[in-house]
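Take a look at the letters that make up each chain.
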Amino acid sequence: MNHLVNHSVDHPAQRSASPPEDMASGPVPGPGSGAEPGPGAGPGLGADRVRGADRALAAGPAYAGGLADDVPPADDLCFRTAYELTVALARREVSAREVMTAHLERIERVNPTVNAIVTLDADRALERAAEADERLATGQPVGPLHGLPVAHKDLHDTAGLRTTYGSPIFADHVPDRDHLVVQRLRRAGALTLGKTNVPELGLGSHTVNPVFGATRNPYDLSRSAGGSSGGAGAALACGMQPIADGSDTGGSLRNPASFNNVVGLRPSPGRVPSWPDRAPWGQLSVKGPMARTVADVALTMSVLAGPDPRDPRSLDTPGSTFAWQLGGDIAGLRVAWSPDLGGAVPVDPEVRDALAPAVEVFTALGCEVEEACPDLSGADEVFLSQRAWQVELAYGALLDGHRDRLAPDVVWNIEEGRALSGPDLGRAQALHGALFHRVRVFFETYDLLVLPVSQVAPFDIDLAYPTVVDGTPMATYLDWMRSAYLISVTGCPALSVPAGFTPRGLPVGLQLVGPHRQDWSVLKAGHAFERATRAGERRPPVLAELGVPA
């Protein structure tokens, strides 16, 4: 597509003025939680790390489920896991230039059809890869993501590389600093290759905007890739990158993971610090990782998590906690299954049907499963009030100066925030506190809450949003996301993991929610489920249609 060109600058005089600081990052959180101890390596790629990787790669799945149609060939660099690539790079079995070239070639062949990556920095990406090879060849220290290609979400500022936020107002904006998430990935050795598509200003869970258009679902090009990290999800599914960064307010890491058959983690608030951030005390929006496997999500968390003095929410647990190998069984785990949050949200039958056998996997893994859900009374009001306030804070100035260049839903969101009163926000705070304690008590009985990520399967790409779910009309573009945004309000870590497919072959993800700050426990449960089902190994049909190895 004509927008997919090298679009970067090197001289400060060429850079456009910076947007408000909150544009550079939606509110986000930070480091470890009640993670359990386990074997593992530190942040570097030393010999111990390689030996540990050998052991991990030798271990097969717990048992082969029946959902995987194909497993990618070992010689396809684009579908090796991030963990496998780091080991191969550390052993110098493959060079960073070879890995980058393979991914750039994949982008060239697939991206014009899918439209996941919207700004490409290919020349500098190859230069960075050459520098990465030189570092390794000369024995210099390297990070845990050394040599891995990554395209950053187009809401995250990248110094010298166009960042549009999906808005025509910022179509030519080139920041002069990196967002903290980008800083941490680069410091860990990841190599920037471009930016991934988002909805306008990141609002909504359908990735389409006036600057770049829509990102298509690689499992059915007539369907949505979800959002707001839809470009990231589609790029992962097609092998354009092994890991991705994203953000999540009402489901923006989880919904696109579900729609694209990949993994997305909404971490606990404070687990992944965010800077710059105009609302640094906010708990609703977080930054986090996506990848094709739970282990790769954990690997990415090992560099994203950890305290930062610029984020007052950031937790003290170091990111290296997440470098421990995921393993062990989950027998005895007390699992609450809730197909519709106790009737609170409508769910399309094809989603229910796809998840029914997946839930039985937990019983087969030795878990105690029963149908239950926490009392989420007041969660809607909390989310809608806090989100509207946050949107107005972030984008109110744009409404005043550029109303005619904003989509109607963006205008509506901002005006909803301006209509809030002090007592409205106070009531939301009180409801939020009561909700926290009800959920806390719920998790004294259960270790894990399991429910659908999304109430619908990937929908028609030409729709603004699903207007009806299982016969229930959706009044606004937010209503169909309630199965995700009601969980956001709890502050609990939540993981989307591939779980099954509809009869039309559309992916359906399962949402795993853990107790307060128990991010590692959620990853461990997701890893066990993933190994049992192998649903995430089913590759998108678009690759075969384009003659691309899958």
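So, here is what we can say about the structure in this document.

1. As for the environment of Ser 224
Item 1. Here Ser 224 lies in strand E7 (residues 220-224).
Item 2. Given a relative accessible area of 0%, Ser 224 falls into the buried group.
Item 3. For the pair Ser 224 and His 206, spaced 18 residues apart in the sequence, the C-alpha separation amounts to 6.3 Å.

2. Some words on the nonpolar core
Item 1. In this structure, Phe 362, Leu 510, Leu 512 and Leu 523 are the most contacted members of the largest nonpolar core, which totals 135 residues.
Item 2. With near-sequence residues (within four places) excluded, Leu 510 lies in contact with Trp 337, Leu 355, Val 359, Phe 362, Val 450, Leu 451, Val 453, Leu 495, Ser 496, Val 497, Ala 499 and Phe 529.
Item 3. By size, the runner-up hydrophobic cluster in this structure holds 10 residues, among which are Ala 232, Ala 237, Ala 244 and Leu 253.

3. As for the pattern of salt bridges
Think of it this way: side chains of opposite charge can pair up when their charged atoms draw near.
Item 1. Applying the stated criterion across every chain, the model contains 25 salt bridges.
Item 2. For the salt bridge of Arg 106 with Asp 76, the shortest nitrogen-to-oxygen distance reads 3.5 Å. With Arg 106 in helix H3 (residues 96-114) and Asp 76 in the loop between helix H1 (47-58) and helix H2 (82-90), the pair connects residues that are 30 residues apart, well separated along the chain. As far as burial versus exposure is concerned, Arg 106 and Asp 76 are alike and both buried.
Item 3. The partner of Arg 313 in a salt bridge is Asp 311, with the nearest N and O atoms 2.9 Å apart.
Item 4. A single network of salt bridges, built from pairs that share partners, joins Asp 121, Arg 124 and Arg 128.

4. Description of the sheet that holds strand E17 (residues 507-513)
Item 1. If you trace the 8 strands from one edge of the open sheet to the other, you get E8-E10-E9-E16-E17-E13-E11-E12, paired in mixed fashion. If you trace the sheet from one side to the other, it starts and ends with strand E8 (243-248) and strand E12 (368-371), each paired once. Pairs of neighbouring strands in the sheet enclose a mean axial angle of 25 degrees, with direction left out of account.
Item 2. For E8 and strand E10 (residues 286-291), the ladder comprises 6 bridges, and the chain directions are antiparallel. Paired with Ser 247 across the bridge in E10 is Lys 287.
Item 3. Here helix H14 (residues 519-533) sits on the sheet in contact with strand E9 (263-266), strand E13 (448-452), strand E16 (494-501) and E17, set at roughly 15 degrees to E16.

5. Here we look at the sheet that holds strand E3 (residues 191-196)
Item 1. Taking strand neighbours across the sheet as the criterion, the 3 strands line up as E1-E3-E2 in an open arrangement whose pairing is mixed. The strands lining the two open edges of the sheet, one partner per strand, are strand E1 (117-120) and strand E2 (149-153). Averaged over all adjacent pairs, the angle separating strand axes in this sheet is 40 degrees, with direction ignored.
Item 2. In terms of strand pairing, E2 meets E3 through 5 bridges, oriented parallel. In the sheet register, Pro 149 faces E3, and the bridge partner there is Leu 191.
Item 3. Set on the sheet, helix H4 (residues 122-137) makes contact with E1 and E3; between it and E3 the angle comes to about 155 degrees.

6. Focus: the packing of H3 against H4
Item 1. Put simply, H3 and H4 touch, their axes get as near as 8 Å, and they point 155 degrees apart. For the element pair H3 / H4, the angle class is roughly antiparallel. With respect to the hand of their crossing, H3 and H4 are arranged in right-handed fashion. Contacts from Ala 96, Arg 97, Met 100, Thr 101 and Leu 104 in H3 reach Ala 122, Ala 125, Leu 126, Ala 129, Ala 130, Ala 132 and Asp 133 in H4.
Item 2. Taken together, the residues of the contact of H3 with H4 break down into 9 nonpolar, 1 polar and 2 charged.

7. Quick notes on helix H10 (residues 379-402)
Item 1. Helix length check: H10, at 24 residues, gives a terminal C-alpha distance of 32 Å against a target of 34 Å (1.5 Å per residue), a fit within 8%.
Item 2. The sharpest bend along H10 measures roughly 60 degrees and falls at Tyr 395.

What counts and what doesn't
Residues numbered from 1 in each chain as written. Predicted model: local features only at pLDDT ≥ 70, side-chain atom pairs only at ≥ 80, totals over all residues. Heavy atoms only, no water. Helix = DSSP H or I, 4+ residues; strand = E, 2+ residues; numbered from the N terminus. Buried < 20%, exposed > 50% of the residue type's maximum accessible area, 1.4 Å probe, protein only. Core = buried A, V, L, I, M, F, W, Y, C linked by side-chain atoms within 4.5 Å. Contact = heavy atoms within 4.5 Å. Salt bridge = Lys/Arg side-chain N within 4 Å of Asp/Glu carboxyl O. Pairing = 2+ DSSP bridges. Axes fitted to C-alpha atoms, helices over the stretch in contact; angles between N-to-C directions. Parallel < 35°, antiparallel > 145°, perpendicular 65-115°, else oblique. Left-handed = near helix turned anticlockwise from the far one by under 90°. Nonpolar A, V, L, I, M, F, W, Y, C, P; charged D, E, K, R; others polar. Expected span 1.5 Å × (residues − 1). Bend = angle between axes of the 7 residues up to and from the residue.

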